[in-house]
Amino acid sequence: MIMSLGPYASFIVTSYAAAALVVAILIGWIALDYRNQTQRLRELEERGITRRSGRSALDAS
Amino acid sequence: MTLIDLANPTRFLALTARVLPWLAAATVILLAIGLYQTALAPDDYQQGATVKIMFIHVPNAWLSMFVWGVMSIASLGTLVWRHPLADVAAKAAAPIGAAFTFLALLTGSLWGRPMWGTYWEWDARLTSVLILFLMYLGLMALWRAVDDPSRAARAAAVLTLVGALNLPIIKFSVDWWNTLHQPASVMRMGGSALDKSFLIPLLVMAIAFTLLFVTLHLAAMRNEILRRRVRSLQMMQASRVAFSSEMGAASRGQNASKEAGAA
């Protein structure tokens, strides 16, 4: 079934494409940020810089 | 795990690790259902197929205000209860709220052109939402501009609470002023004015976008907690370097005085 979007199809398609793009950018940014922070924490811990508790900064348990 | 336990960032990280995959899966499923229902929704008798823009415009517009509401509650947490995660929650929510507000403005503009004959009009609803968007950007700039997180947190919390005054203005702008924007048609006295064939996909999309916000917010809060751990470890490293260089300078000084004495 092909949807008929009428004479204003470009406005409808642009709206959905923009929403998809912005959501994809948000997800990508958050995923990249997570990777950056965990990498920086690992590098610091490898240099012997640890939390006062002695637990890993990446520890979530 | 009680609510109080979540005040502990480590416990919060453990919770997000468990919950995030389920939330992400639920978001994807609901978004897929919502988009399918959106595709099947009939054309409006006046607007034709452009009514389909409503299914993404309205959830984004709701969320633009909801996210500021979440940030306002978090700001109270920062100022009144000094909850350790309150500022983390507010700071993590701001870029997500800004993105939803941007989408509300953009899709509204793309809906307005064929329906009103203009992309933009300086009426009360559109202008108050634009102000909300600018306030999001201002808050994000404030957090970046102040180095000390606790000082930035207090200033941002005050600004957020002042900005919350804009929320009722946005909500009631269509009643208080004569605007191009239509009045409320879903949440209003006397029930929704929308037919079920539009209302059900709209509600599914609204729940899906809300779940998307919760998922992204938890993930962004996790990142912010890790960022603060990076900062504290870097400060610890810097203080160790400063301490060891001071000790080195002191021992060099002692050696020099011993040598001078021997000479």
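In this text, all values refer to a predicted model and were calculated from it rather than measured experimentally. (Residues numbered from 1 in each chain as written. Chains lettered and ligands numbered in written order. Predicted model: local features only at pLDDT ≥ 70, side-chain atom pairs only at ≥ 80, totals over all residues.)

Notes on the overall build of chain B
No. 1: Scanning chain B from N- to C-terminus turns up seven helices and zero strands.
No. 2: In terms of overall dimensions, chain B is more spread out than a globule: its C-alpha atoms have a radius of gyration of 25 Å, far above the 18 Å expected for 263 residues.
No. 3: Taking the principal axes of its C-alpha atoms as reference, chain B extends roughly 105 × 40 × 30 Å.
No. 4: Excluding contacts between residues fewer than 6 apart, the proportion of contacts in chain B whose partners are at least 24 apart in sequence is 76%. (Helix = DSSP H or I, 4+ residues; strand = E, 2+ residues; numbered from the N terminus. Rg over C-alpha atoms; globule rule 2.2 N^0.38 Å. Contact = placed C-beta atoms within 7 Å.)

What to know about the interface of chain A and chain B
No. 1: Listed as interface residues are 28 residues of chain A and, on the opposing side, 34 residues of chain B.
No. 2: For the side of chain A that touches chain B, a count of residues per class yields 18 nonpolar, seven polar and three charged. (Nonpolar A, V, L, I, M, F, W, Y, C, P; charged D, E, K, R; others polar.)

Looking at helix H1 (residues 9-40) of chain B
All names here are of chain B.
No. 1: Counted at 1.5 Å a residue, the expected span for H1 with its 32 residues is 46 Å, and the 44 Å between its end C-alpha atoms agrees.
No. 2: Val19 marks the point of greatest bend in H1, at about 40°, and the proline Pro21 comes within the next four residues.
No. 3: All of the buried residues in H1 are Phe12, Thr27, Gly34 and Thr38. (Expected span 1.5 Å × (residues − 1). Bend = angle between axes of the 7 residues up to and from the residue. Buried ≥ 20, exposed ≤ 12 C-beta atoms within 10 Å, placed from the backbone.)

Concerning the UniProt feature "transmembrane region" (unreviewed entry) in chain B
Residues and elements named next belong to chain B.
No. 1: According to UniProt, the "transmembrane region" (unreviewed entry) feature falls on residues 12-36, 61-81, 93-112, 124-143, 155-178 and 198-221.
No. 2: Along residues 12-36, the helical share is 100% and the strand share 0%, with 35 Å between the first and last C-alpha atoms.
No. 3: Helix and strand shares over residues 61-81 are 100% and 0% respectively, and the end C-alpha atoms of the span are 30 Å apart. (UniProt positions renumbered as here; feature names shortened; annotations may be inferred.)

With respect to the nonpolar core
No. 1: By size, the foremost hydrophobic cluster in this structure holds 67 residues, and its most contacted members are Val67(B), Ala90(B), Ala93(B) and Ile96(B).
No. 2: At the level of elements, helix H1 (9-46) of chain A together with helix H2 (54-81), helix H3 (86-116), helix H4 (124-145), helix H5 (149-163) and helix H7 (196-262) of chain B are the ones that each hand at least two residues to this core.
No. 3: Beyond its immediate sequence surroundings of up to four residues, Ala90(B) is in contact with Met71(B), Ala74(B), Ser75(B), Thr78(B), Ala156(B), Ala157(B) and Thr160(B). (Core = buried A, V, L, I, M, F, W, Y, C linked by C-beta atoms within 7 Å.)

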